[in-house]
Amino acid sequence: MRITVLAGGVGGARFALGLREALGGPSGVPAAEITIVANIGDDMWLSGVKVCPDLDSIMYALAGVGDTERGWGRAGESERVAAELTAYGVGWPWFTLGDLDLGTHLARTELLREGATLTEATARLAARWDLGARLLPVTDDEVPTHVVTGEGVLHFEEWWVRTRAQLPAHRFVQHGLERSRISHAAREAIASADVVLLAPSNPVVSIGTIVGIPGVRDALETAPAPVVGVSPIIAGRALRGMAATCLEVIGVEPDAAAVAAHYGARRAGGLLDGWLVAEEDAGSLGAIEAHGIAAEARPLLLTPGGPGAQVAADALALAERLR
Ligand code: FO1
């Protein structure tokens, strides 16, 4: 069975781990091939290297070398080079590139400068470990997410990390969107999937930016597989990061049913056939079904080492019901 997951960084990484565990994990041969199509809106060139936060969070998590508390960067990291960059007044002192992490960015930058696409470079980096899944950027084009604020336009990471998303945002812009296109590999991964899952990632700047890339909605619309999403909102609270803040910017309630309605039912030109909500939101199942989206309520908390495999298994079970 082929499973394709659309995912952002921290939430996506934890979900991918859970999915791999639910399917047999790195020890046994997974009963399925997993392909993760990741967001690249957080990507940037910084201090001369190409940084891909969501691809790296997912790669490090599946490789077992990530900092599981922070959800990004490497375990056992040091910051000697970052201290030098700060001393030189280069880069972003509030955005720490750890020494091991810089190894990834330097390797990626070299591959890109040799002419590799981001898809090829990502495969080269991932080949170092047995991830138990294929990791793809949604596009090989650069489409950074910019945040329009009263103090000007910031790269998403500056808004997110330097201002902690506290600077009021008027809107998000996918810079360079019109010149971008879904990658061939990502389109194939959606078209050939038996199941497509939307990870419980940020609906605006992770899932939203993935489906905003030209060609992604078409691929989802024509995919023979059922498309099942997992709510990133539990009882009106965003699980991680600032999903609620981002939803507010686009005028969507931070609520499991509101996000489902925002994604829309595939039969009505939207994204979803099914939507998995937390037990705390079981009261909204009727409203979600009324949108033409099959819905089920299950335990959803994805804490580090939490019941991620069960959440993934429940999402797969809902997809099976819909196949
Ligand atoms: N997040 C922070 O809060 N502070 C940082 O200094 C920081 C550095 C960093 C470096 C590389 C990387 O891949 C991610 C990093 N992040 C940092 C996390 C990043 O903001 C998130 O991974 C996502 O981009 C948000 O979803």
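Per chain, residue numbering runs from 1 following the sequence as it is written. Residues qualify for local features only when their pLDDT is at least 70, as the model is predicted, and side-chain atom pairs are given and counted only at 80 or more; totals for whole chains, interfaces and linings, by contrast, use all residues. For the side-chain quantities, the full set of heavy atoms in the structure was used; hydrogens and water were omitted.

I keep staring at the site of the ligand and nothing clicks. Help me out?
Taken together, Asp42, Pro53, Trp72, Trp94, Phe95, Thr96, Asp101, Glu157, Trp160, Val161 and Arg164 make up all the residues around the ligand. In the analysis that follows, any N or O atom pair within 3.5 Å is treated as a polar contact, provided that within protein one partner can donate a hydrogen and the other can accept it, and provided that, for residues neighboring in sequence, both atoms belong to side chains. A distance of 3.4 Å is found between an oxygen atom of the ligand and a backbone nitrogen or oxygen belonging to tryptophan 94. Between the ligand and glutamate 157 there is a distance of 2.3 Å, counted from an oxygen atom to a side-chain nitrogen or oxygen. Its residues assigned to classes, the shell around the ligand shows six nonpolar, one polar and four charged. Proximity is defined per residue: any heavy atom of the residue falling within 4 Å of a molecule or strand makes that residue near it. Residue polarity follows a fixed list, in which Ala, Val, Leu, Ile, Met, Phe, Trp, Tyr, Cys and Pro are nonpolar, Asp, Glu, Lys and Arg are charged, and the others, Gly among them, are polar.

Is there a simple way to think about the sheet that holds strand E13 (residues 274–278) in this case?
Two strands in a sheet stick together by hydrogen bonds in their backbones, pointing the same way (parallel) or opposite ways (antiparallel). What makes two strands pair is DSSP finding at least two bridges between them. Segments assigned H or I by DSSP are reported as helices when at least four residues long, segments assigned E as strands when at least two residues long, and all are numbered from the N terminus. Read from one edge of the open sheet, seven strands run E5-E2-E1-E9-E10-E13-E14, paired in parallel fashion. Edge positions in the open sheet fall to strand E5 (134–137) and strand E14 (294–298), since each of these has one partner strand only. The average undirected angle you get between the axes of adjacent strands in this sheet is 20°. Both strand E1 (residues 2–7) and strand E9 (residues 195–198) contribute to a ladder of four bridges, which runs parallel. Of the residues in E9, the one forming a bridge with leucine 6 is leucine 198. The contact criterion used throughout is that any non-hydrogen atoms of two residues lie within 4.5 Å. To get an axis, a line is fitted to the C-alpha atoms, and for a helix only the part in contact is used. The angle between two axes follows their N-to-C directions and goes from 0 to 180 degrees. Sheet strands touched by helix H2 (residues 53–63): E1, strand E2 (33–38) and E5. Its angle to E5, the strand with the most contacts, is close to 175°. Contacts from helix H7 (residues 184–191) reach E1, E2, E5 and E9, with the element oriented near 125° to E5.

Mind showing me how you'd approach helix H11 (residues 256–263) here?
Helical geometry: 3.6 residues make up each α-helical turn, so side chains three or four residues apart lie on a common side. Partly exposed residues are those whose accessible area sits between 20% and 50% of the maximum for their type, while under 20% is buried and over 50% is exposed, using a 1.4 Å probe and protein chains only. H11 sits mainly inside the fold: six of its eight residues count as buried. The set of residues buried in H11 consists of Ala256, Ala257, Ala258, Val259, Ala260 and Tyr263. In this structure, the buried residues of H11 make contact with E9, helix H8 (207–212), strand E11 (233–234), helix H10 (243–249), E13 and helix H12 (285–290). A distance of 3.0 Å separates the backbone nitrogen of alanine 257 from a side-chain oxygen at the start of H11, and that oxygen is part of aspartate 255. Downstream of H11 by a residue or two, glycine 264 has a phi angle that is positive, lying close to 80°.

How should I be thinking about the pattern of salt bridges in this particular structure?
Oppositely charged side chains can form a pair if their charged atoms are brought close together. A carboxyl oxygen of Asp or Glu within 4 Å of a side-chain nitrogen of Lys or Arg is what we treat as a salt bridge. Per the stated rule, a full pass over the model turns up ten salt bridges. Of the charged contacts, one joins aspartate 67 and arginine 70 as a salt bridge, the two residues approaching to 3.1 Å between their closest N and O atoms. A relative accessible area of 32% places arginine 70 in the partly exposed class. Connected through salt bridges with shared partners, the residues Glu296, Arg298, Asp314 and Arg321 form a single ionic network.

Please explain the sheet that holds strand E8 (residues 169–174) as it appears in this structure.
Strands sit in the order E7-E6-E8 across an open sheet of three strands; the sheet is antiparallel. Lying at the two open borders of the sheet, with one neighbouring strand each, are strand E7 (152–155) and E8. Strand-to-strand twist of the sheet, defined as the mean angle between neighbouring strand axes without regard to direction, takes the value 30°.

Explanation requested: the packing of aromatic side chains in the structure shown.
Any aromatic ring pair is given by two values, namely how distant the centres are and how the planes are angled relative to each other. Any Phe, Tyr or Trp ring, taking Trp's six-membered ring, that has another such ring centre within 6.5 Å forms a pair; planes under 30 degrees apart are called stacked, those over 60 apart edge-to-face, and the others tilted. Under the counting rule described, the total for this entry stands at seven aromatic pairs. Pairing tryptophan 92 with tryptophan 94 gives two aromatic rings, centres 4.5 Å apart and planes at 20°, and the pair type is stacked. Residue class for tryptophan 92 comes out partly exposed when judged on its relative accessible area of 22%. Centre to centre, the rings of phenylalanine 156 and tryptophan 159 are 6.1 Å apart; their planes meet at 50°, and the pair counts as tilted. With phenylalanine 156 and tryptophan 159 both in helix H6 (residues 156–162), this residue pair falls three residues apart, about one helical turn. Here the two residues phenylalanine 156 and tryptophan 159 agree in accessibility, since each one is buried. Through successive ring pairs, a cluster of aromatic residues spans Phe156, Trp159, Trp160 and Phe172. Here, over-ring charges are defined by two tests on the NZ atom of lysine or the CZ atom of arginine: distance to the ring centre within 6 Å, and angle to the ring normal within 35 degrees. The ring of tryptophan 72 has arginine 70 sitting right over it, with the charged end atom 3.7 Å from the ring centre. The ring of tyrosine 60 carries the charged tip of arginine 74 above its face, separated from the ring centre by 5.3 Å.

Any link to function would need more than the numbers given here.
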